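Chain by chain, the residues run as shown.
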Amino acid sequence: MTTTMTLAKALGAGLRRAMTDDPSVMVLGEDIGRLGGVYRVTDGLQAEFGPRRVVDTPLAESGILGTAIGLAYRGYRPVVEIQFDGFVYVAFDQIVSQLAKMRARTLGAVTLPVTIRIPVAGGIGAAEHHSESPEAYFAHTAGLRVVSVATPQDAATVLRQAVACDDPVVFFEPKRRYHVKGEVDPDVDLATADPMSAARVAAHGDDVTLVTWGSQVATALDAAVAASDEGVGVEVIDLRSLSPIDHDAVAASVRRTGRLVVVHEGPRQAGLGAEAAATITERCFEFLEAAPVRVTGHDVPYPPAKLEGHQVPDLDRILDGVDRALGRVALPARAQRTEVGA
Amino acid sequence: MTTTMTLAKALGAGLRRAMTDDPSVMVLGEDIGRLGGVYRVTDGLQAEFGPRRVVDTPLAESGILGTAIGLAYRGYRPVVEIQFDGFVYVAFDQIVSQLAKMRARTLGAVTLPVTIRIPVAGGIGAAEHHSESPEAYFAHTAGLRVVSVATPQDAATVLRQAVACDDPVVFFEPKRRYHVKGEVDPDVDLATADPMSAARVAAHGDDVTLVTWGSQVATALDAAVAASDEGVGVEVIDLRSLSPIDHDAVAASVRRTGRLVVVHEGPRQAGLGAEAAATITERCFEFLEAAPVRVTGHDVPYPPAKLEGHQVPDLDRILDGVDRALGRVALPARAQRTEVGA
Amino acid sequence: MPSTMGSKARVDPSRAGTAREHEAGERTSTPAVHDDTDTGAPAGTDDVRRLLDRTGARHPDPALDRWLADVDAGDEAAETLLRRMYADMVVSRRLDAEATALQRQGELALWPPLLGQEAAQVGSARALRDDDFVFSSYREHAVAMIRGVRPEQVTPVWRGVAASGWNPYDVGMATPQVIIGAQALHAVGYAFGILCDAERDPGRVPDGGTAATVAYVGDGAMSQGDVSEALLFAATWSTPTVFVCQNNQWAISEPVSLQAPVPLAERGTGFGVPGVRVDGNDVLAVLAVTREALHRARTGGGPTLIEAVTYRMGPHTTADDPTRYRSTEEVESWRRRDPIERYAAWLRARGTLTDAVEQEVRETADRTAAELRAGCLALTDPPASRIFEHVYAEPHAALAAERDAYADYLATLGDEAPAEAEGGAR
Amino acid sequence: MPSTMGSKARVDPSRAGTAREHEAGERTSTPAVHDDTDTGAPAGTDDVRRLLDRTGARHPDPALDRWLADVDAGDEAAETLLRRMYADMVVSRRLDAEATALQRQGELALWPPLLGQEAAQVGSARALRDDDFVFSSYREHAVAMIRGVRPEQVTPVWRGVAASGWNPYDVGMATPQVIIGAQALHAVGYAFGILCDAERDPGRVPDGGTAATVAYVGDGAMSQGDVSEALLFAATWSTPTVFVCQNNQWAISEPVSLQAPVPLAERGTGFGVPGVRVDGNDVLAVLAVTREALHRARTGGGPTLIEAVTYRMGPHTTADDPTRYRSTEEVESWRRRDPIERYAAWLRARGTLTDAVEQEVRETADRTAAELRAGCLALTDPPASRIFEHVYAEPHAALAAERDAYADYLATLGDEAPAEAEGGAR
Ligand SMILES: Cc1ncc(C[n+]2csc(CCOP(=O)(O)OP(=O)(O)O)c2C)c(N)n1
Ligand SMILES: Cc1ncc(C[n+]2csc(CCOP(=O)(O)OP(=O)(O)O)c2C)c(N)n1
Ligand SMILES: [Mg+2]
Ligand SMILES: [Mg+2]
């Protein structure tokens, strides 16, 4: 049954359903119990499932990840919340050296179905370390799966898929879109739902393929509307899975459009935009009318709130990227740059 | 005055010179003092400069990096050794959240000239976590500089440049090539030496541009020789600097050859090969005769020693990449795959 | 929380209270622990070093009193210091209220109030010398003020105009740290640098090699591996470092019991860092223990961990709703231990705090609050080019190209042409 | 090393020795510390719990002896256990020598010898139940053997054929961990899982919820933030976890003084984890303290940290040259405290160890060594496709494509066609 709810609530609903379906699912993190998380995603879960399944941990992310690995070793299916993107780095070793490698290390004997929920990206006027986009670090790490969601329905469904997956999954939540509402059925049949590894065509178009994910999907859709007003058809692909990447879906589109724009908030250098551009160039070289275009965060530390509008790609920067992909010179100044963020 | 010495000794000579030039240079790490490092790079330095300038630290990499930041805050110029590439992840937060961001955070008030020496990459038959290629993680981190060396002379010179640089520098040492010998002048004038940010053309050729760095440079040069036997001119570019990347040098070459092969050991997905391919495609789209080709490690955890020959690109895989860049079908089976590693 | 959590304080009860030796080679007397249970303070918060009880009565503690000889001299210098600390507490509380109001009015994006922690911050910061160096977290507004940070330098971070508001070297204090616990290692490294300087050539070292560093950490921060590593490095190198843990009972919604099965003052002993547990709402006791710890640090005695037991009276930040996780009774019980009230009562009783002084302090507070507000409202948004500045110290062609490309792009929008950046991305 | 390093063991000397309460609510008697200085042992290593001195004389210690009631019963079961532990020590030393030889002969890439640490490993591992779970480092070959790892399962890692040699669930022991200290957190998490299982439905839990985990860590590992966090999480959750720190005096070239200004057994107390310092070369004492700690763990008493004071007689690994950083005298002084010799002396004196038994043990050792060697030499290089296997549990199209492309490439070389991979990259 579908209900209208925010993306944040949909995450909670997905988590609740996952916990109901499988008693081995445990939720761990800072402030996720009594408080329900700083974004209230886990609101009510501790009251419902008790403090042994929804566990407020000491303030130590490496400890959280390391003990989650131990719990998974024992047969649990831990869902870990990292409070903000910038706090995941202290747990980096447990993620890349332990979680990602344990299965290969043990020749398949040890399965670690740990899901790491991370509110990601900027545009919320936050303090330092609260607006990071670390997707590429994890996508560059073999042994992990990395997913992102852009819609309330995907929030519920893909989170359930991530928790059900026997591989470790880094699950990125577009915190700037937590309040976005949509129709959500938290109980869709996972067997028939699209797999989380599949990209989703969010808008159809024949002139340019625009690839993005997470909180940029909505901006990209706005850009597609604006472009269509100018007669340009933009196909928007929400990657959803960042590792593996559904290059097939992108390539199929680019073979049609001949042009690719990749949009993401993280720094450009060695970001996922490079990966998408490189792979699509390999696969579609003869179809490309122009070099793939990257519209990304700059290669700078994420700036303070008042400047983040210059870091986070917005409608105009995306349209500029579309223009560049079309080989057009820059368009005349648009009336007003659109505000990003909450 | 030049002397014949190994790459490892050249590093030590560069460090000695840097310490002599600037009393604020300190060296910190595990086993670097009395033992002289597990690879003896710092051999003799503690005896020469004393235990307050060459400091054996407790076994905790985050602690080493964090205290190095404090020392730099106080005006020191710490050179930190991470014993093996795989041990840097426990210090990841101090590197990406602190070291990389401190200058921007303080609007330029705090300068942190910390150099992080990391023996990198595989091919030495080592145990797990001793053969990682984490370059892309750091190149994706704004605020850091990342360099690598491939020759004994560069080992001495670029290390001195890195230590003298007022920015934090991650300095990758090709451990598989530590024993390679060459003529080294540890005292070259840094004012006239090529800057460490500049790529180096290691071999000239007109048919394919081959970009790589560190321990793969020697393999690439072997490949260039083999290709030239088949009449193919391979231009080998040793990037040296991985952040920033000297795309100008690569683009200049590709505009001539029309073909690009990037070779690295780290995983392919979101690796630096993607960055090089994407940027060169952006800059040289109309010059490219074929899609840039990546020859890289697979997207798997670094395999055990007996299998590492399948992970580390070798002569044949590089030649296969050259063939692909040339649009040739795979060559007939070559006599024997070349052994990689020490 | 797991049901077993409260049930295993397995440490010898006779070891609680944690009066460790406070100077190398010398043991302090048994701590003077004054019963304060009439305040209804939460269990487990009364085994602390204390000089002023919540009524403002002063209790003798020879081991601590010797660090307050100047205060007890009763001369004009003493009066000045005592009044200054009173002003510090009142002014910082006023600043805090003003900043909270600015946030409520939408002028600041966020604010982490210090309300309730004035004594812990003022007492420790007033023990410092100018040449000491502080590495703090994000809530140490009173410490910053005492170090010399001006009101208008406090707000840029919380308004989102800059990642920091002052030059650390101007005031001997690093700018706010958001990654929990990371700064503790910086404090140890800096202190190791002091040691190294001193050994090389004490004469040429500005602070003669006797400066110290202070790492402020929260009770939650004590759980981070970095803080443990900092304790170890400090002990191994015997650095002149004082760790001041403001145990304000909460880490956002998590009670200190989750971070500390035994008192936090004990945390360092297994690393070789002695600890002392002090009433963090008693500014005199905090001053005394910090002076003692700094003296050890300056004289080669190595690091100390001070646990200042206090309470965060307000929300974690203005974005937090503490009613979701703690009771009014708990908050009220701590209100009765207010750090300013008890100090004021004592000062009044001894004649230091007169109506005239009170009036003057209030005016200072209002004036400082007004400066804070004016400074905040005067802040302008920095130019776009700022994001490319100070990323690197040395020329960086790639970033310069990015900056130029973005400037060109902005020019096409016609609404703003960023100024040429200075430094960082040349 | 910094000159100040040795000079600040600032902890109350009366607290050294660290006989903490070993059971909830109960205190053990004063530790029986037997003077062992005639062995010329390095200073600071004699304040340990000990039952067998280096001559093999058994000293009473009621607090420990109660954990050896079965041993002291003197019945056949006791004799069997005592002989088994003797065999464990001799066989593991023999295996270690064989592996070292294999490395010298080029058959293994590397080997980290356990020589000298047999008692610490055997005593602790023999205290375990089958349903307990061990998370070790890389040097715990005797522990692995006792857990049921077969000789031929030990060598794949060190030959470089696989990243691990056994299925952890078959033997209740994780495979070797190379990242220093990381495994300690896994042990705590697993133990927390045992607690959770038990609370849900003890009847349906195979181990009835009374299993425990053991984390083996080195003296160097104690410096890592992860180990500190593990101590904290274990204390906070009161997990059934025993931390066994084999303090073998060295972390590669770094002496333990660099990692531990105060005895490592103290490390946990500030987190709420009591510690005990035991002679790690006394297999009986190690057995007793581990049994005690496990009993506490199984009965809700929470974690314990055991510091087993021992010595790494060999190099760090076969790649190491310890003569660069330690003296022959030091090594010799520890040779006089050999863990096998003293145990053998005691066993011989009490009649447990006869020539016949000795002969039998030697044969077992030789046979096991031969198995190790045969197993090692029989190892074949895995197929190329192995690198793509088990990376993922579920189908992964991208990796499958990479695997296929690589197979196609290999086919062009004509020298090997990798078998179709099973699982991981479908
Ligand atoms: C590494 C990291 N993890 C989590 C957070 C989120 N966070 C910010 S403040 C805080 C609580 C800190 O508590 P404490 O150390 O007691 O300091 P207090 O806020 O009470 O002053 C948390 C969990 C963070 N900033 N950094
Ligand atoms: C995170 C990390 N840092 C450094 C190393 C390199 N290293 C391997 S063993 C070792 C010493 C470990 O000493 P200890 O914990 O005492 O164990 P022991 O070798 O004595 O058994 C070091 C530094 C590592 N493996 N992992
Ligand atoms: Mg707190
Ligand atoms: Mg050791």
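I tried to follow helix α1 (residues 7-21) of chain B on my own but got confused; where do I start?
Residues three or four positions apart in an α-helix share a direction because the helix packs 3.6 residues into each turn. Relative to the 21 Å expected for 15 residues at 1.5 Å per residue, α1 of chain B spans 21 Å between its end C-alpha atoms, a close match to the ideal helical length. Along α1 of chain B, the residues classified as buried are Leu7, Ala8, Ala10, Leu11, Gly12, Ala13, Gly14, Leu15, Ala18 and Met19 of chain B.

Quick question: what am I supposed to make of the coordination of the magnesium ion (ligand 3) here?
Four donors placed tetrahedrally around a metal ideally meet at 109.5 degrees, and six donors placed octahedrally ideally meet at 90 or 180 degrees. All names here are of chain C. At this site the magnesium ion (ligand 3) is bound by Asp219 (OD), Asn248 (OD1) and Trp250 (O), with donor distances of 2.0 to 2.1 Å. Sequence positions of the donors to the magnesium ion (ligand 3) reduce to the motif D-x28-N-x1-W. Separated by 31 residues along the polypeptide, aspartate 219 in the loop between β2 (213-218) and α9 (225-237) and tryptophan 250 in strand β4 (residues 250-251) bring together distant segments of the chain. Exposure class is identical for aspartate 219 and tryptophan 250. Each is buried.

What am I meant to see in the coordination of the magnesium ion (ligand 4) here?
Residue and element names in this part refer to chain D. Taken together, Asp219 (OD), Asn248 (OD1) and Trp250 (O) make up the protein donors of the magnesium ion (ligand 4), found 2.0 to 2.1 Å from the metal. Sequence spacing of the donor residues for the magnesium ion (ligand 4), all on one chain, is D-x28-N-x1-W. Among the residues examined, aspartate 219 registers a relative accessible area of 2% and is labelled buried. Owing to a relative accessible area of 7%, tryptophan 250 belongs among the buried residues under this scheme.

Would you take a moment to explain the sheet that holds strand β10 (residues 208-212) of chain A for this structure?
Sheet strands pair by backbone hydrogen bonding; their relative direction is either parallel or antiparallel. Residue and element names in this part refer to chain A. Strand order in the open sheet made by the five strands is β9-β11-β10-β13-β14, with mixed pairing throughout. Where the open sheet ends on each side, the last strands, each with one partner, are β9 (200-203) and β14 (293-297). The sheet shows a mean angle of 25 degrees between the axes of neighbouring strands, taken without regard to direction. Two elements, strand β13 (residues 260-267) and β14, share five bridges in a ladder whose sense is parallel.

I would appreciate a short explanation of the side chain of glutamine 103 of chain C in the present structure.
Residue and element names in this part refer to chain C. Along the chain, glutamine 103 turns up in helix α3 (residues 76-104). Of the polar contacts made by the side chain of glutamine 103, one reaches the side chain of arginine 104; its length is 3.5 Å. Apart from the residues lying within four places of it in its own chain, the contact partners of glutamine 103 are Leu108, Ala109, Leu110, Trp111 and Thr318.

Looking at this model, I keep getting lost on the domain arrangement of chain A. Mind explaining?
Buried accessible area, meaning the area lost when the parts come together, often serves as the stated size of an interface. Residues and elements named next belong to chain A. Taken domain by domain, chain A comprises domain 1 (3-184) and domain 2 (200-334). Inter-centroid distance (C-alpha atoms) of domain 1 to domain 2 is 27 Å. Note on domain 1 versus domain 2: buried area summed over both sides is about 1800 Å², and carbon and sulfur give 51% of it. Among the residues domain 1 hides against domain 2, the three largest losses belong to Ser148, Arg176 and Arg177. Together they make up 23% of the total. Where domain 1 touches domain 2, the interface holds three salt bridges. Here aspartate 154 makes a salt bridge to arginine 240, at a shortest N to O gap of 2.9 Å. Between the two partners, domain 1 and domain 2, sit 13 residue pairs in polar contact (both at pLDDT 80 or more). Of all the secondary structure elements, the ones that give two or more residues to the side of domain 1 that touches domain 2 are α6 (135-139), β6 (145-148) and α7 (152-164). The greatest single-element share of the side of domain 1 that touches domain 2, amounting to four residues, is contributed by β6.

How should the confidence of the model for chain A be read in this particular structure?
Parts of the prediction with low pLDDT should not have their coordinates interpreted in detail. Model confidence for chain A is summarised by a mean pLDDT of 95, while 96% of its residues fall at 70 or above. Here residues 331-342 of chain A is a poorly scored stretch, pLDDT under 50, and it has 34 contacts once near neighbours within four places are set aside; other chains count.

Hey, could you run me through the interface of chain D and chain A in this one?
In this assembly, 44 residues from chain D lie in contact with 46 residues from chain A. Here chain D packs against chain A, burying approximately 3600 Å² in sum over the two surfaces, 57% of which is carbon and sulfur. Its largest share of buried area at the contact with chain A, chain D owes to Arg200, His390 and Tyr392 of chain D, together 17% of the area lost on that side. Where chain D touches chain A, the interface holds two salt bridges. Arginine 74 of chain A serves as the salt-bridge partner of aspartate 197 of chain D, at 2.7 Å between the closest nitrogen and oxygen. Between the two partners, chain D and chain A, sit 21 residue pairs in polar contact (both at pLDDT 80 or more). Of all the secondary-structure elements, those providing two or more residues to the side of chain D that touches chain A are β1 (133-135), α7 (168-171), α8 (182-200) and α9 (225-237) of chain D. Here the side of chain D that touches chain A takes 14 residues from α8 of chain D, the largest share from any one element.

Can you help me understand the site of ligand 2 in this one?
Around ligand 2 sit 20 residues, and of these Glu61 of chain B together with Tyr138, Arg139, Val178 and Asp219 of chain D come closest. Each of chains B and D places residues next to ligand 2. In the environment of ligand 2, a nitrogen atom lies 3.2 Å from a nitrogen or oxygen atom belonging to the backbone of isoleucine 180 of chain D. Residue glycine 220 of chain D places a main-chain N or O atom 2.8 Å away from an oxygen atom belonging to ligand 2. Within the complex, the protein chains bury 96% of what would otherwise be the 580 Å² of accessible surface of ligand 2.

Would you explain the pairing of β6 of chain A in this entry?
Sheet faces and side chains relate simply in a regular strand, where the side chains alternate between the two faces. Residues and elements named next belong to chain A. A two-sided burial pattern is seen for β6, the buried positions comprising Arg145 and Val147 on one face and Val146 and Ser148 on the other. Pairing between β6 and strand β7 (residues 169-174): four bridges, direction parallel. Across the sheet, residue valine 146 finds its bridge partner in β7, namely valine 170. Taken together, β6, α7 and β7 constitute a β-α-β crossover, and its handedness is right-handed. In this structure, β6 lies alongside strand β12 (residues 241-243), joined through two bridges in antiparallel fashion.

Please clarify how the domain arrangement of chain C should be interpreted in this entry.
We note that the domain assignment places domain 1 (28-377) and domain 2 (384-416) within chain C. Summarising the inter-unit geometry, the C-alpha centres of domain 1 of chain C and domain 2 of chain C are found 40 Å apart.

I'm lost on the packing of helix α4 (residues 118-125) of chain C against helix α10 (residues 283-298) of chain C in this one. Help?
Each packed pair of helices is defined by two parameters, the angle between the axes and the distance between the axes. All names here are of chain C. Running from amino to carboxyl end, α4 crosses α10 at an angle of 35 degrees, the nearest separation of the two axes being 7 Å. Crossing angle aside, the handedness with which α4 passes α10 is right-handed. On α10, the residues touching Ala119, Ala120, Val122, Gly123 and Ser124 of α4 are Val283, Val286, Leu287 and Thr290. A class-by-class count of the residues in the contact of α4 with α10 yields six nonpolar, three polar and no charged.

Sorry if this is basic, but what is going on with the nonpolar core here?
Side chains of a nonpolar character, in soluble globular proteins, are inclined to be buried together. Within the largest apolar cluster, 192 residues are counted, with the highest numbers of intra-cluster contacts made by Phe138 of chain A together with Phe138 of chain B. Excluding its chain neighbours within four sequence positions, the residues that come into contact with phenylalanine 138 of chain A are Val88, Phe92, Ile95, Leu144, Val146, Val170 and Phe172 of chain A.

What counts as what
- Residues numbered from 1 in each chain as written.
- Chains lettered and ligands numbered in written order.
- Predicted model: local features only at pLDDT ≥ 70, side-chain atom pairs only at ≥ 80, totals over all residues.
- Heavy atoms only, no water.
- Helix = DSSP H or I, 4+ residues; strand = E, 2+ residues; numbered from the N terminus.
- Expected span 1.5 Å × (residues − 1).
- Buried < 20%, exposed > 50% of the residue type's maximum accessible area, 1.4 Å probe, protein only.
- Donors = N, O, S within 2.8 Å, 3.2 Å for Na, K, Ca; no water.
- Pairing = 2+ DSSP bridges.
- Axes fitted to C-alpha atoms, helices over the stretch in contact; angles between N-to-C directions.
- Polar contact = N/O pair within 3.5 Å; in protein donor to acceptor, adjacent residues only side chain to side chain.
- Contact = heavy atoms within 4.5 Å.
- Domains from an automatic or database assignment.
- Buried area = accessible area lost by both parts, 1.4 Å probe.
- Salt bridge = Lys/Arg side-chain N within 4 Å of Asp/Glu carboxyl O.
- pLDDT = per-residue confidence, 0-100.
- Near = heavy atom within 4 Å.
- Areas by Shrake-Rupley, 256 points an atom, 1.4 Å probe, with all protein chains shown as cover.
- Right-handed = clockwise from strand over helix to strand, strands pointing away.
- Left-handed = near helix turned anticlockwise from the far one by under 90°.
- Nonpolar A, V, L, I, M, F, W, Y, C, P; charged D, E, K, R; others polar.
- Core = buried A, V, L, I, M, F, W, Y, C linked by side-chain atoms within 4.5 Å.

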